[in-house]
Amino acid sequence: IAGSALVKLPQILKIHRAGSVAGISHASVLFEFVATLVNVSYFLPLGYPFSTWGENAFLLAQNSALYILHAHMSGGLRASFLLEASAACASGYVLYRRLVPDFVLPAAACGALGLRRCTVSCEELAGTLPMLLGLVGRLPQIAQ
């Protein structure tokens, strides 16, 4: 946990000193922020010891700071930032409270993915979503 408590700090400090977020994709920052938010929303209600998922809480704090810093330095904390942040927090709350009903994937998608069952629960969604968001979040940074 100790290592994750500081992993983003050098990047945050470098951005703050430079006064610029040039070269950093907004989409990547947003996806990483949402991914860690969802990750904490997944683990928190499960009751696991903090030592098993606590690094995600520290990453969430750092990714939140990075997201706010990026928004501030790329045009200010405009309505679009407030909308994104509100949607992210609402998503985290919905997943934390497990409010998404189970849903069924189309049979073709299940077959293509090699799944044995096509029903996905909110807990499964919350557990899988951070990985998918993390992967998708890297693409804009690579393309930039």
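Refer to the preceding data block for the structure.
Residues numbered from 1 in each chain as written. Predicted model: local features only at pLDDT ≥ 70, side-chain atom pairs only at ≥ 80, totals over all residues. Heavy atoms only, no water.

**Q** Please explain the side chain of Gln62 as it appears in this structure.
**A** Among the secondary structure elements, Gln62 is positioned in helix H3 (residues 50-73). Of the residues examined, Gln62 reaches a relative accessible area of 7% and is grouped as buried. Within polar-contact distance, the side chain of Gln62 engages the backbone nitrogen of Leu9 at 3.4 Å. (Helix = DSSP H or I, 4+ residues; strand = E, 2+ residues; numbered from the N terminus. Buried < 20%, exposed > 50% of the residue type's maximum accessible area, 1.4 Å probe, protein only. Polar contact = N/O pair within 3.5 Å; in protein donor to acceptor, adjacent residues only side chain to side chain.)

**Q** Sorry if this is basic, but what is going on with the packing of aromatic side chains here?
**A** Ring pairs (aromatic) are described by centroid distance and by the angle formed between their planes. Within the structure shown, the criterion is met by 6 aromatic pairs. Here the aromatic rings of Phe50 and Phe58 are separated by 6.2 Å at their centres, their planes lie at 75°, and the arrangement is edge-to-face. Looking at Phe50, the relative accessible area reads 40%, which means it is partly exposed. Residue class for Phe58 comes out partly exposed when judged on its relative accessible area of 33%. Grouped by ring-pair contacts, the aromatic residues Phe33, Tyr67 and Phe81 constitute a single cluster. (Phe/Tyr/Trp six-rings, centres within 6.5 Å; stacked < 30°, edge-to-face > 60°.)

**Q** Got a minute to help me understand the layout of surface pockets in this structure?
**A** Take a probe with the size of a water molecule and roll it over the atoms, and the empty space left behind shows itself. Reported here for the largest pocket is a volume of approximately 310 Å³. Lining the largest pocket are 13 residues, with Leu105, Leu115, Val120, Glu124 and Thr128 sitting closest to its centre. If you list the elements that add at least two residues to the lining of the largest pocket, you get strand S2 (119-120) and helix H6 (122-143). In terms of residue count, the dominant contributor to the lining of the largest pocket is H6 (6 residues). Here the residues of the lining of the largest pocket are counted per class, giving 9 nonpolar, 2 polar and 2 charged. (1 Å grid on protein atoms, 1.4 Å probe; cavity = no way out; pocket = protein on both sides within 12 Å on 5 of 7 lines; lining within 4 Å. Points joined across faces, edges and corners; volume = space filled by probe spheres on them. Nonpolar A, V, L, I, M, F, W, Y, C, P; charged D, E, K, R; others polar.)

**Q** Sorry, what's going on with the packing of helix H2 (residues 26-43) against H6 here?
**A** The relative placement of two packed helices is expressed as an angle between their axes plus a distance between the axes. Running from N to C, H2 and H6 point in directions that differ by 165°, and their axes come no closer than 8 Å. In terms of orientation, H2 lies roughly antiparallel with respect to H6. Classified by chirality, the crossing of H6 by H2 is left-handed. Note on element contacts: H6 touches H2 through Glu123, Ala126, Gly127, Leu129, Pro130, Leu133, Gly134, Val136, Gly137, Arg138, Pro140 and Gln141, opposite Ala27, Ser28, Phe31, Glu32, Val34, Ala35, Val38, Asn39 and Tyr42. Classifying every residue of the contact of H2 with H6 gives 12 nonpolar, 6 polar and 3 charged. (Axes fitted to C-alpha atoms, helices over the stretch in contact; angles between N-to-C directions. Parallel < 35°, antiparallel > 145°, perpendicular 65-115°, else oblique. Left-handed = near helix turned anticlockwise from the far one by under 90°. Contact = heavy atoms within 4.5 Å.)

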